[in-house]
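Single-letter residue listing:
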Amino acid sequence: MTGHTTLPQAIIETLQRRAAELGDGFLYDPKKGADTIRVRCFRPEQHKNGDAHPSAVYHLGKYVYCKVCGFKEGEKKLADRLGIGVVEGGLTLQMLAEAKHLPADYLQKWGWRTQQGKDRRAKVLIPWFGFEGVEKHAPAYHIRHFINKDDDSGPRFTWDKPRNVELLPYGCWRLKEWLEEAENRGISPGPGEDCFDLEKLLSSSNVERDHLDAVRHWLDSLREKS
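First things first, this report covers the structure right here in the doc.

Thoughts on unusual backbone geometry
Where the residue is not glycine, phi is negative for most of them; where a peptide bond is considered, it is trans in most cases.
Step number 1: Even without glycine at this site, Asp51 takes up a positive phi of about 60°.
Step number 2: Among the secondary structure elements, Asp51 is positioned in the loop between strand S1 (36–39) and strand S2 (56–59).
Step number 3: In this model, His101 sits at a positive phi of 55°, which is unusual for a non-glycine residue.
Step number 4: Within the element layout of this structure, His101 appears in the loop between helix H3 (93–100) and helix H4 (104–109).
Step number 5: Given a relative accessible area of 68%, His101 falls into the exposed group.

If you want it as structure tokens, here you go:
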């Protein structure tokens, strides 16, 4: 998405999430530098089958237009419609994903998203789930404002966390999934042990290699709490 300003990036991210909720495809490759994206019209009642075959086009940095029903809306109004608001500068999820060499849709799967701050700058909201797993509202949110410590003034991270919430290591909700995978693969504790060597388990599982350093950090956190 290189070359586009913060607002179009935030809109694309939200349109992608909207398409997933509607069951629509979403074809956009930021590396190819496309300037248009086809999306479902915002007046589906004026289309057959609710515009199940998307006919509107978002022109990045400009407007969204549907040639079938004539719906047209400028980018700032579109941002308001999508609940983004007009963001000016800051950090978007796509910018963070590119910096960390991670796919943005993978992070969206766990609820990461761009949000407008009180200063109208973009920030990345990271839901901090507990053992219950992914829910509509997380117990707490970790907020990232910029990537490198010298990129801007002020804190790079802040929290939106009620006082009574105890933070667990990030990703703890996936432990059950990993243990079930171990059982299916016939992995069990070693002789004389009553628990798994979780780091060895993860290293031999399908956990993404890029994430093993984060897993080790979680394990260190768990050891500190035990």
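Structural notes on the nonpolar core
Step number 1: Among the nonpolar cores identified, the biggest contains 25 residues, and Ile11, Leu15, Phe26, Ile37, Tyr58 and Val64 are the most heavily contacted of them.
Step number 2: At the level of secondary structure, the elements contributing two or more residues to this core comprise helix H1 (6–22), S1, S2, strand S3 (63–66) and helix H2 (75–81).
Step number 3: Here this core gets 6 residues from one element, more than from any other, and that element is H1.
Step number 4: Beyond its immediate stretch of four places on either side in the chain, Tyr58 contacts Pro8, Ile11, Ile12, Leu15, Asp35, Thr36, Ile37, Tyr63, Val64, Glu75 and Leu78.
Step number 5: Of all hydrophobic cores here, the second largest spans 22 residues; its members include Ala97, Ala138, Val165 and Tyr170.

Things to note about the environment of Arg81
Step number 1: As for its placement among the helices and strands, Arg81 is situated in helix H2.
Step number 2: Take Arg81: its relative accessible area is 42%, and that puts it in the partly exposed class.
Step number 3: Taking the C-alpha atoms as reference points, Arg81 and Phe42, separated by 39 residues in sequence, lie 9.4 Å from one another.
Step number 4: The residues touching Arg81, leaving out its near neighbours within four places in the chain, are Phe42, Phe71 and Glu73.

A few points about the pattern of salt bridges
Between side chains of opposite charge, a pair can form when the charged atoms approach closely.
Step number 1: Enumeration over the complete set of coordinates arrives at 5 salt bridges.
Step number 2: Across the pair Asp24 and Arg40 runs a salt bridge whose closest N-O atoms are separated by 2.6 Å. Of this pair, Asp24 sits in the loop between H1 and S1 while Arg40 sits in the loop between S1 and S2; the two residues are 16 residues apart in sequence, bridging distant segments of the chain. Exposure class is identical for Asp24 and Arg40. Each is buried.
Step number 3: Here Glu88 and Arg120 are joined by a salt bridge, their closest N and O atoms 3.9 Å apart. Here the residue Glu88 occupies a position in the loop between H2 and H3, and Arg120 occupies one in the loop between strand S5 (113–116) and strand S6 (122–128), the gap between them amounting to 32 residues.
Step number 4: With a relative accessible area of 47%, Glu88 lands in the partly exposed category.

Concerning empty space enclosed by the protein
Step number 1: Under the criterion given, the structure shown has 2 cavities of 30 Å³ or more.
Step number 2: Roughly 40 Å³ of internal volume is contained in the second largest cavity.
Step number 3: Counting residues per element, the ones that place at least two in the lining of the second largest cavity are H1 and S1.
Step number 4: Per element, the largest residue contribution to the lining of the second largest cavity is 3 residues, and it comes from H1.
Step number 5: Split by residue class, the lining of the second largest cavity holds 5 nonpolar, 1 polar and 4 charged.

Some points on the sheet that holds strand S7 (residues 140–144)
Step number 1: Read from one edge to the other, the open sheet built from 4 strands follows the order S5-S6-S7-S8, with strand pairing classed as antiparallel. Looking at which strands have only one partner, the edges of the open sheet turn out to be S5 and strand S8 (157–160). When strand polarity is set aside, the average angle formed by the axes of neighbouring strands in this sheet is 35°.

A closer look at helix H5 (residues 175–184)
Step number 1: Where H5 is concerned, the buried positions are Trp178, Glu181 and Ala182. Looking straight down H5, one finds that the buried residues subtend no more than 100° of arc, so they occupy a single side. Among the exposed residues of H5, those pointing more than 90 degrees away from its buried face are Lys176, Glu183 and Asn184.

A look at the pairing of S5
Step number 1: Relative to S6, S5 runs antiparallel, the two sharing 4 bridges. Bridging across to S6, Gln115 finds its partner in Lys123.
Step number 2: Between S5 and S6, which pair antiparallel in sequence order, lie 5 residues; one of them, Arg120, sits at a positive phi of approximately 70°.

Here is what the cut-offs are and how they apply
Residues numbered from 1 in each chain as written. Predicted model: local features only at pLDDT ≥ 70, side-chain atom pairs only at ≥ 80, totals over all residues. Heavy atoms only, no water. Helix = DSSP H or I, 4+ residues; strand = E, 2+ residues; numbered from the N terminus. Buried < 20%, exposed > 50% of the residue type's maximum accessible area, 1.4 Å probe, protein only. Core = buried A, V, L, I, M, F, W, Y, C linked by side-chain atoms within 4.5 Å. Contact = heavy atoms within 4.5 Å. Salt bridge = Lys/Arg side-chain N within 4 Å of Asp/Glu carboxyl O. 1 Å grid on protein atoms, 1.4 Å probe; cavity = no way out; pocket = protein on both sides within 12 Å on 5 of 7 lines; lining within 4 Å. Points joined across faces, edges and corners; volume = space filled by probe spheres on them. Nonpolar A, V, L, I, M, F, W, Y, C, P; charged D, E, K, R; others polar. Pairing = 2+ DSSP bridges. Axes fitted to C-alpha atoms, helices over the stretch in contact; angles between N-to-C directions. Arc of directions from axis to C-beta.

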